[in-house]
4 protein chains.
Amino acid sequence: MAKSDNTRLFIIETTAPLFNVYGYANTSLADITAATALSKGSIYGNFTNKDELAEAAFSYSAKQQNTALKEAIESVKTPLDKLNAIVTFFASNWAAIKKTGGCPLLNAAVEADDAAEYLKKTVKDSFTSWINTIASVLDAGVKAKTFSKDLDTKQTAALFVMIIEGGVLLAKTYNSNKHMQTAIDQLNHIIKSQILKK
Amino acid sequence: MAKSDNTRLFIIETTAPLFNVYGYANTSLADITAATALSKGSIYGNFTNKDELAEAAFSYSAKQQNTALKEAIESVKTPLDKLNAIVTFFASNWAAIKKTGGCPLLNAAVEADDAAEYLKKTVKDSFTSWINTIASVLDAGVKAKTFSKDLDTKQTAALFVMIIEGGVLLAKTYNSNKHMQTAIDQLNHIIKSQILKK
Amino acid sequence: MAKSDNTRLFIIETTAPLFNVYGYANTSLADITAATALSKGSIYGNFTNKDELAEAAFSYSAKQQNTALKEAIESVKTPLDKLNAIVTFFASNWAAIKKTGGCPLLNAAVEADDAAEYLKKTVKDSFTSWINTIASVLDAGVKAKTFSKDLDTKQTAALFVMIIEGGVLLAKTYNSNKHMQTAIDQLNHIIKSQILKK
Amino acid sequence: MAKSDNTRLFIIETTAPLFNVYGYANTSLADITAATALSKGSIYGNFTNKDELAEAAFSYSAKQQNTALKEAIESVKTPLDKLNAIVTFFASNWAAIKKTGGCPLLNAAVEADDAAEYLKKTVKDSFTSWINTIASVLDAGVKAKTFSKDLDTKQTAALFVMIIEGGVLLAKTYNSNKHMQTAIDQLNHIIKSQILKK
DNA sequence: CATGAATGAGTTTTCATTCAT
DNA sequence: TATGAATGAAAACTCATTCAT
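None of the values given here were measured: they were computed from a predicted structure. Chains are numbered independently. Their residues run from 1 in the order of the written sequence. Here chains are named by letter from A upward and ligands by number from 1 upward, in the order in which they appear as written. Only residues with pLDDT of at least 70 get local features here, since the model is predicted, and only at 80 or more are side-chain atom pairs given and counted; chain-wide, interface and lining totals rely on the full set of residues. Note: side-chain values were computed over all heavy atoms of the structure, leaving out hydrogens and water.

Draft legend 1. Highlighting the interface of chain C and chain D. It only takes one pair of heavy atoms within 4.5 Å for two residues to be counted as in contact. With 39 residues of chain C at the interface, the matching set in chain D holds 39 residues. Carbon and sulfur atoms supply 65% of the area that chain C and chain D bury against each other, a total of about 3400 Å² over both sides. If you sort the residues of chain C by the area they bury against chain D, Asp114, Met162 and Tyr174 of chain C come out on top, with a joint share of 18%. Any carboxyl oxygen of Asp or Glu within 4 Å of a side-chain nitrogen of Lys or Arg constitutes a salt bridge here. Linking chain C with chain D are two salt bridges, by the criterion used here. The term buried area means the drop in 1.4 Å probe accessible area that two parts suffer when joined, counted for both and summed.

Draft legend 2. Here's a closer look at the pattern of salt bridges. Within the structure shown, the criterion is met by 17 salt bridges over all chains. Residues Lys172 of chain A and Asp113 of chain B are paired through a salt bridge, measuring 2.4 Å at the closest nitrogen-oxygen approach. Taken together, the positions of Lys172 of chain A in helix 9 (residues 153-173) and Asp113 of chain B in helix 7 (residues 104-114) put the pair across two chains. Taken individually, Lys172 of chain A and Asp113 of chain B each receive the classification buried, so the pair is uniform in this respect. Salt-bridge contacts for Glu52 of chain C lead to Arg8 of chain C; the nearest nitrogen and oxygen are separated by 3.5 Å. For the purposes of this entry, the term helix denotes a DSSP run of H or I that reaches at least four residues, the term strand denotes a run of E that reaches at least two, and both are numbered from the N terminus. Relative accessibility thresholds used throughout: buried, under 20% of the residue-type maximum; exposed, over 50%; partly exposed, between the two (1.4 Å probe, protein chains only).

Draft legend 3. Quick look at the protein's contact with DNA strand F. As a matter of local geometry, DNA strand F sits amid 27 residues, with Leu29, Lys40 and Tyr44 of chain A, Gly41 of chain C together with Leu29 of chain D nearest to it. When we say a residue is near a molecule or strand, we mean one of its heavy atoms is within 4 Å of it. Counting only atoms of DNA strand F within 4 Å of the protein, the sugar-phosphate share comes to 64%. Ser39 of chain B is positioned with one of its side-chain polar atoms (N or O) 2.7 Å from a phosphate oxygen of DNA strand F. The term polar contact refers here to a pair of N or O atoms within 3.5 Å; inside protein, the definition further demands a hydrogen-donor-capable atom paired with an acceptor-capable atom, and it admits residues adjacent in sequence only when both atoms are side-chain atoms. Gly41 of chain B is positioned such that a nitrogen or oxygen atom in its backbone is 3.5 Å from a base nitrogen of DNA strand F. As a working rule, the residues Ala, Val, Leu, Ile, Met, Phe, Trp, Tyr, Cys and Pro are called nonpolar, Asp, Glu, Lys and Arg charged, and the rest polar, with Gly in that last group. Of the residues in the surface near DNA strand F, the class split is six nonpolar, 16 polar and five charged.

Draft legend 4. View of the protein's contact with DNA strand E. For DNA strand E, the set of nearby residues contains 26 residues, the closest of which are Gly41 of chain A, Leu29 and Tyr44 of chain B together with Leu29 and Tyr44 of chain C. Each atom of DNA strand E within 4 Å of the protein belongs either to a base or to sugar and phosphate, the latter forming 58%. Interatomic distance of 3.3 Å between a side-chain N/O atom of Ser28 of chain C and a phosphate oxygen of DNA strand E. For DNA strand E, a phosphate oxygen lies 2.7 Å from a polar atom in the side chain of Ser39 of chain D. Of all the elements in the fold, those that place two or more residues in the surface near DNA strand E are helix 1 (2-22) and helix 3 (40-46) of chain A, helix 3 (40-46) of chain B, helix 3 (40-46) of chain C together with helix 3 (40-46) of chain D. Looking at side-chain class alone, the surface near DNA strand E contains five nonpolar, 16 polar and five charged residues.

Draft legend 5. Geometry of the relation of the copies chain C and chain D. Least-squares fitting of one copy onto the other uses the C-alpha atoms of those residues that reach a pLDDT of at least 70 in both copies. Each copy superposes on the other: chain C lies on chain D with an RMSD of 0.2 Å after a rotation of 179° and an axial shift of 0.0 Å. Expressed as an axis order, the relation between the two copies is that of a two-fold axis. A high fraction, 100%, of the interface residues of chain C reappear at the interface in chain D, so the copies pair face to face through one surface.

Draft legend 6. Expanded view of the arrangement of the chains. Spatially, chain B is disjoint from chain C: no contact exists, and the shortest C-alpha separation is 12 Å. Separated throughout, chain B and chain D approach each other most closely at a C-alpha pair spaced 34 Å apart.

Draft legend 7. Focus on the UniProt feature "DNA-binding region" (unreviewed entry) in chain A. UniProt positions are given in the numbering used here, feature names are shortened, and annotations may be inferred rather than shown by experiment. Mapped onto the present numbering, the UniProt feature "DNA-binding region" (unreviewed entry) falls on residues 28-47 of chain A. Helix and strand shares over residues 28-47 of chain A are 75% and 0% respectively, and the end C-alpha atoms of the span are 14 Å apart.

Draft legend 8. Quick peek at the interface of chain A and chain B. Across the contact, 39 residues belong to chain A and 39 residues belong to chain B. For the pairing of chain A and chain B, the buried interface totals around 3400 Å² over both sides, and the portion due to carbon and sulfur atoms is 65%. When the buried surface of chain A facing chain B is broken down by residue, Asp114, Met162 and Tyr174 of chain A rank first, second and third, together holding 18% of it. On the surface where chain A and chain B come into contact, there are two salt bridges. Our enumeration of links across chain A and chain B arrives at eight residue pairs in polar contact (both at pLDDT 80 or more). Of all elements in the fold, only helix 1, helix 7 (104-114), helix 8 (120-143), helix 9 and helix 10 (177-195) of chain A reach the threshold of two or more residues within the side of chain A that touches chain B.

Draft legend 9. How the structure looks around the nonpolar core. Of all hydrophobic cores here, the largest spans 126 residues; its most connected members are Phe127 of chain A together with Phe127 of chain B. Sequence-distant contacts of Phe127 of chain A, defined by excluding residues within four places in its chain, comprise Leu105, Leu106, Ala109, Val161 and Glu165 of chain A together with Leu169, Leu170, Thr173 and Tyr174 of chain B. Grouped together as the second largest cluster of nonpolar side chains are 125 residues, Leu29 and Ala135 of chain C together with Ala157 and Val161 of chain D included. To define a nonpolar core, start from buried Ala, Val, Leu, Ile, Met, Phe, Trp, Tyr and Cys residues and group those joined through side-chain atoms within 4.5 Å.

Draft legend 10. Here's a closer look at the side chain of His179 of chain A. Tracing the backbone shows His179 of chain A in helix 10. Residue contacts for His179 of chain A: discarding those within four places in its chain leaves Gly167, Leu170, Ala171 and Tyr174 of chain A together with Ala158 and Met162 of chain B.

Draft legend 11. Quick peek at the environment of Ala68 of chain A. Residue and element names in this part refer to chain A. Mapped onto the secondary structure, Ala68 falls in helix 4 (residues 50-74). We classify Ala68 as partly exposed; its relative accessible area is 29%. With 25 residues separating them along the chain, Ala68 and Asn93 place their C-alpha atoms 9.9 Å apart.

Draft legend 12. Region of interest: the relation of the copies chain A and chain B. Laying chain A over chain B is done by rotating through 179° and shifting 0.1 Å along the axis; what remains is an RMSD of 0.2 Å. Residue by residue, 100% of the interface of chain A is reproduced at the interface of chain B, so both copies engage with the same surface.

Draft legend 13. Molecular detail of helix 7 of chain A. In terms of residue burial, helix 7 of chain A counts as a mostly covered element, since ten of its eleven residues are buried. Among all positions of helix 7 of chain A, only Pro104, Leu105, Leu106, Asn107, Ala108, Ala109, Val110, Glu111, Ala112 and Asp113 of chain A are buried.

Draft legend 14. Representation of the packing of aromatic side chains. Note on ring pairs: Phe, Tyr and Trp rings are taken, using the six-membered ring of Trp, and paired if centres are within 6.5 Å. Classes follow the plane angle, with under 30 degrees stacked, over 60 edge-to-face and the rest tilted. Per the stated rule, a full pass over the model turns up 20 aromatic pairs over all chains. Relative to Trp130 of chain C, the ring of Phe127 of chain C has its centre 6.2 Å away and its plane inclined at 20°; by these criteria the two rings are stacked. Here the residue Phe127 of chain C and the residue Trp130 of chain C both occupy positions in helix 8 (residues 120-143), the gap between them amounting to three residues, near one helical turn. Every member of this aromatic cluster is reached through a ring pair, and the members are Phe89, Phe90, Phe127 and Trp130 of chain A.

Draft legend 15. Expanded view of the UniProt feature "domain: HTH tetR-type" (unreviewed entry) in chain A. Cross-referencing UniProt, the feature "domain: HTH tetR-type" (unreviewed entry) maps to residues 5-65 of chain A in the present numbering. In residues 5-65 of chain A, helix accounts for 80% and strand for 0%; the two terminal C-alpha atoms are 22 Å from one another.

Draft legend 16. Representation of the packing of helix 4 of chain A against helix 7 of chain A within the structure. All names here are of chain A. Only C-alpha atoms enter the line fits that serve as axes; for helices the fit covers just the stretch in contact. Angles between N-to-C directions range over 0 to 180 degrees. At a minimum axis separation of 9 Å, helix 4 and helix 7 run at an interaxial angle of 145°. Touching Phe58, Ser61, Ala62 and Gln65 of helix 4 are Pro104, Leu105 and Ala108, all from helix 7. Residue classes in the contact of helix 4 with helix 7 are distributed as five nonpolar, two polar and no charged.

Draft legend 17. Quick peek at the packing of helix 9 of chain A against helix 7 of chain B. As a packed pair, helix 9 of chain A and helix 7 of chain B sit with axes 10 Å apart at the nearest point and diverge in direction by 50°. Classed by the angle they form, the pair helix 9 of chain A and helix 7 of chain B counts as oblique. Judged by the sense of rotation from one axis to the other, the crossing of helix 9 of chain A with helix 7 of chain B is left-handed. Counted together, Leu169, Lys172 and Thr173 of chain A of helix 9 of chain A and Leu106, Ala109, Val110, Asp113 and Asp114 of chain B of helix 7 of chain B form the full contact between these two elements. Per-class residue counts for the contact of helix 9 of chain A with helix 7 of chain B are four nonpolar, one polar and three charged. Between 65 and 115 degrees an angle is taken as roughly perpendicular, under 35 as roughly parallel, over 145 as roughly antiparallel, and anywhere else as oblique. Each crossing gets its hand from how the near helix is turned against the far one by less than a right angle, where anticlockwise is left-handed and clockwise is right-handed.

Draft legend 18. The environment of Leu29 of chain B, seen in detail. Residues and elements named next belong to chain B. On the secondary structure map, Leu29 appears in helix 2 (residues 29-36). C-alpha of Leu29 to C-alpha of Tyr118: the two residues are 89 residues apart in sequence and 18 Å apart in space. Here Leu29 is in contact with Ile43, Tyr44 and Lys50, once residues within four sequence places are set aside.

Right, dumping it as structure tokens:
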């Protein structure tokens, strides 16, 4: 049981970047067996079908990113520092993120939307989780009276996600982190002008 | 010539929404012949392969959108009105855009990034064209002294694209135009606080 | 169209004995392509899936047998001669029938019963058609007053089918037409003692 | 030894109806482990391969049926009563027989004929055993001078098997025991008109 | 002995592309 | 130029069997 759990995790870890780079429909079982050096039978021994593996791999990628983001948040103290950690997270880790295919939520959201129906709910939940993480930092800042008390924290959190994903999109398209920087600059401007209490 | 050009255009027009909804790799020739009621031979008589058609279909979708945006811009006079037209474009046409699969640039950019290599250049050019369209409105506003003279118009145009695409992403994911509205509100805020001359 | 119909028929004719010999579930697409010297794609171009081909092949086998039986019936005149033609049909053609796998109705009925659900209806209809063919000969004999007027023709026809299939079963199992002869002897006895008017 | 013999028997008893219902080729090891709640290793510890188990399961089914038939025969005294017991055996137990997939000899004979070669001999032996059982009743009747002394007992026994199996075939195909009754009526008629001494 | 993870050859099916007509 | 039958490589998935633990 321990053994099979290990294999299952190994398959997920190994294929998560594959799926993120090539897309969920576009990653074949041949790609998966090549990457894992396991047989098809072994993959199917651990997952009922490709969709189940794809979803597990996406969940893993999303959770990985969320965990890393939360660690960045928890490594600092004040709500403002936490917010800054969120803002710089993508820019700081850009090289690694790009290498494993960019933001898994962006990729999966676009693919899931009209084709990969089975991913839809998981993607939505991942976005919600991300938005909630940001919103709770904003809430803490409001409570601590560092941030403006009129702030619609959920909506602002969603706005942060939009700007970050928009930045990721252009940064990947142009293979240039200049666009990532534009997004960050704007987020910092928003913090100063719309979030911080005056 | 006229006839074959007509057929070619008919194929492009008919398949463009198909590709946008289901993805470029995921749309099969069977889908294409079913949608067009044409034979495979007819498709291959007009395009050397599926990739060429996919690219033509994407270009068509992107151009359609750009043309519609330009029409919206040209229907009003002042740079500020033009900018407002840009901002409201996606929100106003959201129902139609959603039905045909959402923003083709967003979809193709994500798919092209690591998989559909052949689309990459076309996607980049389409984004550049979009950014330039916005930038030229900003430039006109600066020239007309309606907009702040310190404005980095290219960067601001890219920021507009990011926020719009981020809004589209969340609006499609949650099937809710509330998020589209959040994006628009922010763009309006940016116009007021960062673009308009004080 | 003519061409594809030819291919379709060729596939059916070629695979019908295969299915009858090896069973419907047990005949693989590799067997089918080997026997027809056609590609898998060609098979799937003519049939939506293996089940559809299997059913078409069974129908063909059943119809072939029924047609041959009817020809035997029509080649003679009196109801009694026709009945004798039915009785000797399997014994006379035993060599050929054995070579192509035995009675397709027997084989398919056994396989269809609990496994190949999709064949069930077609098999039932084939048996009904066979029983009706025999019953109509019996009816004609009754009408012509050669056969006893008290005859339950449907039930007697079914009895004929039972005895023939029972004979086929043992003849194939023991690879001996002695059992086929036993069945025929009994049918002749039934004709004399239960069917012919006294 | 006792333990492993018990396991072996348990596996055979549990899988015999499975094989009879779904067919020998069509019953997978997954079906077998699911039905027995045993591991694959456990199955392979008790049988060298699936074919060996299939044959053992068939033998078990055949023997079960033969034993039940013999019990029915031995529960009555006179050869005529014994013959009647044989005739009514299938009709009386039809519900149970149908539930476990019908007559295992019929099923296995059809499947074994051209596909499952390994079953062939066992099937033939089972039919022989059945025919002998009936023949010995007939022999006893002849010896007791109840039955006609000219009777070819082996051939008549084979005829009984044919009619019974023919009846089973149509009864299962049409899911109607009316056909079983037709077979029985005919057997009774044969007893009266061809077997009993006049 | 028993387990069940792993295998690899097998299964059915799909699909972009070609080419004789 | 148009057709659509045919292709063959590749897709997802299954399954009897093995073997390290």
